[in-house]
Protein chains: 2
Amino acid sequence: MPKIGMEPLRRKALIDATISTIGERGTLNVTVAEIAGRAGVSSALAHHYFGPKEELLQATMRQLLADLGRDAVSALSRSATPRERVSAVISVNFNAGQFREETVHAWLAFYVEAQNSPPLRRLLRVYARRLHSNLMSGLAPLASRPEAERMAEAIAAMIDGLYIRRALRDGLPNPASATALVEDYVDAKLRQQANTP
Amino acid sequence: MPKIGMEPLRRKALIDATISTIGERGTLNVTVAEIAGRAGVSSALAHHYFGPKEELLQATMRQLLADLGRDAVSALSRSATPRERVSAVISVNFNAGQFREETVHAWLAFYVEAQNSPPLRRLLRVYARRLHSNLMSGLAPLASRPEAERMAEAIAAMIDGLYIRRALRDGLPNPASATALVEDYVDAKLRQQANTP
DNA sequence: TATTTTTAATTGACTGATCAATCAACAAAA
DNA sequence: TTTTGTTGATTGATCAGTCAATTAAAAATA
């Protein structure tokens, strides 16, 4: 049933299948055959469109990053004050879409694989830089430059840390409590700023 | 050269080789043959002493945990005040021994593998619980129960997060700055306590 | 319009490499 | 001679990646 114009559909299906397979398995050690099977095609077709497995993984990572980026832009556009911008960045990261068991596991697996794969490493750096700059866009007006930098670094670390812990014990920090924990930090720091000007 | 009493020596050499191999490679995807080679023995001997590969990995994880535990106990015993206990727990985690590139990568790899291996998952939970209780031993006298719990959770998340970030960008949070970041959080929170009693 | 030709989609079967795990055999100490 | 330490060789399974062959749509040609 070769209908033309299948390529974009297949690519998407394969990337989606990659996310869900890695998410369920909790590791990047998944076979191309299983991914392809879930996408309803043969492994040969996956190689036909993506070449080596590594490229399929990179494309998947890019998709994850793009999803997160889109949500972040949309959330930021809805915030009026700097403080709201900070909250927006935090909440996006613990959003329903991103904070699902599946996605968390996939992220973790990619984090580890990035140690070995320069392309994946580069992609993760993009994420880290973007998170940092999004946070700074809200923090800069609220604190001195070095203090804002420090806070951005701490917030980013807390977000990543809550992810990793979420993956470990299954579920302790639910989205709401994770957000609350980070917000609590921001509040404490900003109150400290106000008290010692 | 079969001298008797080799077993404990070989076991230790194999575990050490496992840590360094995983650390350098940045993944648990290392062959038994390579580990054994580094330990100066054949892969058959590794299987002879540890059985399946999985068991060698578990033994390695236990070793990592034991090292961290020993350091924690020793650091806690040297602290007089509750505030010092908190600092001790934080600094142990960013200590030279634990925070080396090698060890960081190994930890990360184990975190991911724990998604698939119930025994590894259990071991990591032991670590998480111990970290939490160590932190609480210092925080409990300094804040209300729920506030102390919140701080312990946040500190633990920051520690894990700084680990993961350390692995990603090569080197940004050095031990000193990582410690400073977490201490800054603790100070901010405690000052907030003092200001609104 | 009817035909031939080209192109896109798709897969089953295969290859080659990699590894975990086993085992029979041997060496030396007790 | 029994026990402990040790390995080379082998097996069996798993996979990534390739390739030739097949189908049908689309384009070109008659």
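Here, the structure is the one placed above.
Predicted model, so just to flag it, every value in this text is computed and none were measured. The residue numbering used here restarts from 1 in each chain and proceeds along that chain's sequence as written. Here the convention is simple: chains get letters from A, ligands get numbers from 1, in the order in which they are written. Local features in this predicted model are restricted to residues whose pLDDT is 70 or higher, and side-chain atom pairs enter the listing and the counts only when it is 80 or higher, whereas totals over whole chains, interfaces and linings include all residues. For the side-chain quantities, the full set of heavy atoms in the structure was used; hydrogens and water were omitted.

## Considerations on the protein's contact with DNA strand D
Part 1 of the argument: We call a residue near a molecule or strand as soon as one heavy atom of that residue lies within 4 Å of the molecule or strand. Contacts to DNA strand D come from 21 residues, most closely from T31, V32 and K53 of chain A together with R10 and S42 of chain B.
Part 2 of the argument: Of all DNA strand D atoms lying within 4 Å of any protein atom, the proportion belonging to sugar or phosphate reaches 76%.
Part 3 of the argument: Throughout this description, a polar contact denotes any pair of N or O atoms lying within 3.5 Å of each other; where both atoms belong to protein, one of them has to be capable of donating a hydrogen while the other can accept it, and for residues adjacent in sequence the pair is counted only when both atoms sit in side chains. H47 of chain A is positioned such that a nitrogen or oxygen atom in its side chain is 3.3 Å from a phosphate oxygen of DNA strand D.
Part 4 of the argument: Within the backbone of M6 of chain B, an N or O atom sits 3.3 Å from a phosphate oxygen of DNA strand D.
Part 5 of the argument: Comment: elements are numbered from the N terminus, with helices defined as DSSP H or I runs of at least four residues and strands as E runs of at least two. For the surface near DNA strand D, the secondary-structure elements that each account for two or more residues are α3 (43-50) of chain A together with α1 (6-25) and α3 (43-50) of chain B.
Part 6 of the argument: Here the surface near DNA strand D takes four residues from α3 of chain B, the largest share from any one element.

## Some thoughts on the protein's contact with DNA strand C
Part 1 of the argument: Around DNA strand C, a shell composed of 20 residues is seen, among which R10 and S42 of chain A together with T31, V32 and K53 of chain B lie nearest.
Part 2 of the argument: Backbone polar atom of E7 of chain A to a phosphate oxygen of DNA strand C: 3.3 Å apart, as the coordinates give it.
Part 3 of the argument: Within the contact set of DNA strand C, a phosphate oxygen lies 3.0 Å away from a backbone nitrogen or oxygen of V32 of chain B.
Part 4 of the argument: Of all the secondary structure elements, the ones that give two or more residues to the surface near DNA strand C are α1 (6-25) and α3 of chain A together with α3 of chain B.
Part 5 of the argument: It is α3 of chain A that contributes the most residues to the surface near DNA strand C, four residues altogether.
Part 6 of the argument: Only Asp, Glu, Lys and Arg are considered charged in this grouping, and only Ala, Val, Leu, Ile, Met, Phe, Trp, Tyr, Cys and Pro are considered nonpolar; every other residue, Gly among them, is considered polar. In the surface near DNA strand C, the residues fall into 11 nonpolar, five polar and four charged.

## Overview of empty space enclosed by the protein
Part 1 of the argument: A cavity, in this analysis, means grid points on a 1 Å lattice covering only the protein atoms where a 1.4 Å probe fits yet has no way out; a pocket is instead an open set bounded by protein on both sides within 12 Å along at least five of seven lines, and a residue lines either one if it has an atom within 4 Å of a point. Grid points are joined across faces, edges and corners, and a volume is the space filled by probe spheres set on the points. What the rule picks out here adds up to six cavities of 30 Å³ or more.
Part 2 of the argument: In this structure, the largest cavity encloses a volume near 120 Å³.
Part 3 of the argument: Together, L68, N93, V104, W107, L108, Y111, Y127, D160, Y163 and I164 of chain A together with I164 of chain B line the largest cavity.
Part 4 of the argument: Looking at the lining of the largest cavity, the elements with two or more residues in it are α6 (101-113) and α8 (145-168) of chain A.
Part 5 of the argument: The dominant element in the lining of the largest cavity, judged by the number of residues it contributes, is α6 of chain A, at four residues.
Part 6 of the argument: Here the lining of the largest cavity is built from residues that sort into nine nonpolar, one polar and one charged.

## Examining the relation of the copies chain B and chain A
Part 1 of the argument: When the copies are superposed, the least-squares fit draws on C-alpha atoms of residues that have pLDDT of at least 70 in both. Superposition of chain B onto chain A requires a rotation of 180 degrees combined with a translation of 0.0 Å along the rotation axis, giving an RMSD of 0.1 Å. Those values place the two copies in the arrangement expected of a two-fold rotation axis. In terms of proximity to the rotation axis, the leading residue of chain B is G161 of chain B, whose C-alpha is 1.8 Å off the axis.
Part 2 of the argument: A high fraction, 100%, of the interface residues of chain B reappear at the interface in chain A, so the copies pair face to face through one surface. Two residues form a contact once any of their heavy atoms are found within 4.5 Å.

## Considering the nonpolar core
Part 1 of the argument: Of all hydrophobic cores here, the largest spans 141 residues; its most connected members are I155 of chain A together with I155 of chain B.
Part 2 of the argument: Sequence-distant contacts of I155 of chain A, that is, excluding residues within four places in its chain, are made with V86, I90, L135, L139, V182, Y185 and V186 of chain A. Put simply, buried Ala, Val, Leu, Ile, Met, Phe, Trp, Tyr and Cys residues joined by side-chain atoms within 4.5 Å make one nonpolar core. With a 1.4 Å probe rolled over the protein chains alone, any residue whose accessible area is under 20% of its type maximum counts as buried; one over 50% counts as exposed, and the rest are partly exposed.

## Looking at the packing of aromatic side chains
All names here are of chain B.
Part 1 of the argument: Any pair of Phe, Tyr and Trp rings, taking the six-membered ring for Trp, is counted once the centres come within 6.5 Å. Such a pair is stacked with planes under 30 degrees apart, edge-to-face with planes over 60 apart, and tilted for the rest. Counting across every chain of the model gives five aromatic pairs over all chains.
Part 2 of the argument: The interplanar angle of 25 degrees and the centroid separation of 6.2 Å between the aromatic rings of F94 and Y163 together place this pair among those described as stacked. Placement of F94 in the loop between α5 (82-93) and α6 (101-113) and of Y163 in helix α8 (residues 145-168) is noted, with a sequence separation of 69 residues between them. The two residues F94 and Y163 agree in class, both being buried.

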